[in-house]
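If you want the building blocks of each chain, they are given just below.
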Amino acid sequence: MSSTKEALFINEEMLSKLPGVGDEEVSVEEREMAKQVGRAFFSSLGTKPNGEYTHDADEICIPESVGRYRIFSHKMSPNQPLYRVDDSPEIERKLDCLYNGEDLEYSMVVASAASVGAGLNETAVADKPMTESERIVFFLCGGGFASSDTPLSKWYYLRLSKELGMRLFVSRYNAIPDHVFPRALHDVYSSYNHLLEHSGFKSKNIVFVANSAGCNLALGAMQLALMHGRPMPAGCVLVSPLLDLTMAQDSWRRNQDHCVLPLVPLAEGHCLSRVYFGPTAAAGTDAFVKQLRHPLLSPLFCDAAGFPPMQVQVGGDEVLLDEAKDFVRRANKSNVLAELVVYPQQNHYTLLRGRSQLDKVYGNTKRFIDSL
């Protein structure tokens, strides 16, 4: 294990009260403030650099009553084949430009005390199965493709590990605006291959769990796995999924006054879809919309045949509501078991805030995973 660069200590009481993962219910004032913050964040995309993507810690040490995690680097599997996307030469070129066996990927193993039967030693945060039958969560954080790992995310990982009683393997993908499509997708797919080939986890013991933009990457990685004949995970849980980068679904307009995600026209330079796709001469044209409808960019339009059982959780006040519903309908039409859970009056922010709401999200996630 690599040497520790920094350490942070928290206790169980702190973990339970951290905003966004703890017991505090969402106030009306917080709900309104979240709208302003969300709009400000998405209005600044692409207008200023975040600097190079950095990995500022190898390990954070915390009391065994809470948990522990370790960040480590690994190389792309030498067995990973070249990408082949026959229906879009431009997408294929963008993917093949990333194929470099010397690239380093970064991932994280998270273990709460509840997820391991013994003490939180080095084995608990190693990227190997603790037992032959151990099941692990392959987790993908959201954040509008702009961040795959924030301090708040770390607490969420620990709480999720505790609630599910499972360790997490988190893919820390490179973020926009410094790294555009398909860098994040490549990172996530390489991490999944690492879990299968190097770590030795069997696909039947891996469950994808993702939120927001992480859901987009999760479904993209599963598409690539199918293209390359890789095994599917046992199941997939998508929370508030961002699945259609054209933002053409009616709920983007119908729920604008209720949600924290702003509708920014595709012609605008700071539109999330444009920033994520990267420079293109077709921006703002019908040709660009067609490019955004490619399934690796907008998984709503993918062929779900061959996917594992899935659960989709979404808020009734989210701008993403309609694409979540449409994706479940399409999956079921492809004979894929897909369950839809809608939380009335919850938006993209409040769905993962407050003890009572989190109990519902954690409870539904655990129920689905236990059913696999």
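Reading the values: rules and limits
Residues numbered from 1 in each chain as written. Predicted model: local features only at pLDDT ≥ 70, side-chain atom pairs only at ≥ 80, totals over all residues. Heavy atoms only, no water. Helix = DSSP H or I, 4+ residues; strand = E, 2+ residues; numbered from the N terminus. Contact = heavy atoms within 4.5 Å. Areas by Shrake-Rupley, 256 points an atom, 1.4 Å probe, with all protein chains shown as cover. Buried < 20%, exposed > 50% of the residue type's maximum accessible area, 1.4 Å probe, protein only. Pairing = 2+ DSSP bridges. Right-handed = clockwise from strand over helix to strand, strands pointing away. Salt bridge = Lys/Arg side-chain N within 4 Å of Asp/Glu carboxyl O. Core = buried A, V, L, I, M, F, W, Y, C linked by side-chain atoms within 4.5 Å. Expected span 1.5 Å × (residues − 1). 1 Å grid on protein atoms, 1.4 Å probe; cavity = no way out; pocket = protein on both sides within 12 Å on 5 of 7 lines; lining within 4 Å. Points joined across faces, edges and corners; volume = space filled by probe spheres on them.

(A) Spotlight on the overall build of the protein chain. From N to C terminus, the protein chain includes 11 helices and nine strands. Across the protein chain, the fraction of contacts at a sequence separation of at least 24, relative to all contacts at a separation of at least 6, is 79%. Accessible area for the protein chain stands at about 14800 Å²; split by element, carbon and sulfur atoms hold 53% of it.

(B) Structural view of the pairing of strand β6 (residues 206-211). Counting buried residues along β6, six of its six residues qualify, which places the element largely inside the surrounding structure. Pairing between strand β4 (residues 136-140) and β6: five bridges, direction parallel. When the sheet's bridge partners are listed, F139 is paired in β6 with V209. Direction of pairing for β6 relative to strand β7 (residues 235-239): parallel, over a ladder of five bridges. The partner of A210 across the bridge, within β7, is L238. Tracing the backbone out of β6, into helix α6 (residues 213-227) and back to the parallel element β7 gives a crossover that is right-handed.

(C) A look at the pattern of salt bridges. Scanning all chains against the criterion turns up 12 salt bridges. Across the pair R183 and D187 runs a salt bridge, and its minimum N-O distance is 2.8 Å. On the criterion of helical spacing, the pair formed by R183 and D187 is a turn pair, its members being four residues apart in helix α5 (residues 183-198). Here R183 matches D187 in class, with each residue buried. One salt bridge connects R355 with D359, and the closest N-O pair in it is separated by 2.6 Å. Of this pair, R355 and D359 both sit in helix α11 (residues 355-371), four residues apart, roughly one helical turn.

(D) Just the nonpolar core, in detail. Counting residues in each nonpolar core, the largest one holds 75 residues, and the members touching the most others are F138, F145, I206, L217, F307, M310 and F327. In terms of residues, this core owes the most to one element, α6, which gives nine residues. When neighbours within four sequence positions are excluded, F327 is seen to be in contact with L219, L238, L243, P299, L300, C302, M310 and V312. One finds I71, V170, V207 and L352 within the second-largest nonpolar core, a separate group that totals 29 residues.

(E) Spatial organisation of α6. Here α6 is 15 residues long and its end C-alpha atoms lie 22 Å apart, about the 21 Å a rise of 1.5 Å per residue gives. Phi turns positive one or two residues past the end of α6, at G229, with a value near 70 degrees.

(F) Focus on unusual backbone geometry. Of note, the amide linkage connecting I176 to P177 takes the cis form, showing an omega dihedral of 5 degrees. Here P177 shows up in the loop between β5 (167-172) and α5. Backbone torsion omega between F181 and P182 reads 10 degrees, so that peptide bond is classified as cis. Within the secondary structure, P182 is located in the loop between β5 and α5. Its identity is not glycine, yet N335 carries a phi of approximately 65 degrees, on the positive side. By relative accessible area, N335 is classed as exposed at 73%.

(G) A look at empty space enclosed by the protein. In this structure the tally under the stated criterion is one cavity of 30 Å³ or more. Of the pockets and cavities examined, the largest cavity occupies roughly 30 Å³. For the largest cavity, the full set of lining residues is L242, D244, L245, M247, W252, L272 and S273.

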